[in-house]
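In case you want the letters, here they are:
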Amino acid sequence: MLDVAMIERGLQRPGKTKGGLARAMGVRPGAVSEILGGQRLIKASEIGPIMEYLDLNSVPIMGRVGAGAVIEPENEQVPPEGIGEVELPFPVSEEAIAFEVSGDSMLPKYENGDVIVVYREQRHPLTSFYGEEAAVRLKTGERYLKTIERGKSPSLVNLTSFNAKAINGVKLEWIGEICVTLPRAQIARMRSRAAARARKAAKGQSARAAEK
């Protein structure tokens, strides 16, 4: 849900200003300050322009997660800002990051090329994830998308898949709780729409420049 804290976070990004946000929303400049100060509510029609201008629905893709494939993060060469981003149809917390699914061991629920959005930091203890699917990183470095099952001791887990042998008796360094799953076909449609918006914006800028 869009809130004042998200707007304040977005305005801290380079090039983002209250005046620019007001123009994107089609409101007078003082309206943004009123929203931030709690004197004005956000209208439903303003949510889309706010998210688009402040990029509040963009999540960085921080590499791949193995569903059959073995992903070794140290060999990925992923820059700090990620290898790209995916846009969601709603605002998300800055704690969210995304991974592209690689492999088919979690079919039919997760396909190769799908994207999962997870929380950057592990928010709950290991035991609360037993029986759940999650992105995980082993103590040895590999990253997977698996179902977490109880192991033979409190520090060990078994990682199971729908279509592959279990990985038994391993220790986890990190668990990424899944909050959104995006099928690859949906991602393609969203990227197509984003590209169309970018082309439209570029034409508008060119037209305004020509008028001057």
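Residues numbered from 1 in each chain as written. Predicted model: local features only at pLDDT ≥ 70, side-chain atom pairs only at ≥ 80, totals over all residues. Heavy atoms only, no water.

## Let's talk about the pattern of salt bridges
Under the defined criterion, the tally for this structure stands at six salt bridges. Put simply, Lys109 and Glu133 hold a salt bridge, and the shortest N to O gap is 2.7 Å. Residue Lys109 is found in the loop between strand S3 (96-102) and strand S4 (115-119), and its partner Glu133 is found in strand S5 (residues 133-138); the two are separated by 24 residues along the sequence. According to the relative accessible area criterion, Lys109 is partly exposed, its value standing at 48%. We note a salt bridge from Glu177 to Arg123, for which the minimum N-O separation is 3.6 Å. (Salt bridge = Lys/Arg side-chain N within 4 Å of Asp/Glu carboxyl O. Helix = DSSP H or I, 4+ residues; strand = E, 2+ residues; numbered from the N terminus. Buried < 20%, exposed > 50% of the residue type's maximum accessible area, 1.4 Å probe, protein only.)

## Examining the packing of aromatic side chains
Within the structure shown, the criterion is met by one aromatic pair. Between Lys16 and the ring centre of Tyr53, over which it is positioned, the NZ or CZ distance is 4.6 Å. Taking the ring centre of Tyr119 as reference, the NZ or CZ of Arg123 above it sits at 3.7 Å. (Phe/Tyr/Trp six-rings, centres within 6.5 Å; stacked < 30°, edge-to-face > 60°. Lys NZ or Arg CZ within 6 Å of the ring centre and 35° of its normal.)

## With respect to the nonpolar core
One finds Ile7, Leu21, Ile50, Leu54 and Leu56 to be the most contacted residues of the largest nonpolar core, which totals 15 residues. Mapped onto this core, the elements with two or more residues apiece are helix H1 (4-11), helix H2 (18-25), helix H3 (30-37) and helix H4 (44-54). The contacts of Leu56, once residues within four sequence positions are left out, are Leu2, Met6, Ile7, Arg9, Gly10, Arg13, Ile50, Met51, Pro91 and Val92. (Core = buried A, V, L, I, M, F, W, Y, C linked by side-chain atoms within 4.5 Å. Contact = heavy atoms within 4.5 Å.)

## Here we look at unusual backbone geometry
Following Leu107, the chain continues into Pro108 via a peptide bond in cis, with omega recorded as 5 degrees. Tracing the chain through its elements places Pro108 in the loop between S3 and S4. With a phi close to 55 degrees, Asp55 is a non-glycine residue in the positive phi region. Within the fold, Asp55 resides in the loop between H4 and strand S1 (58-66). You can call Asp55 partly exposed: its relative accessible area is 28%.

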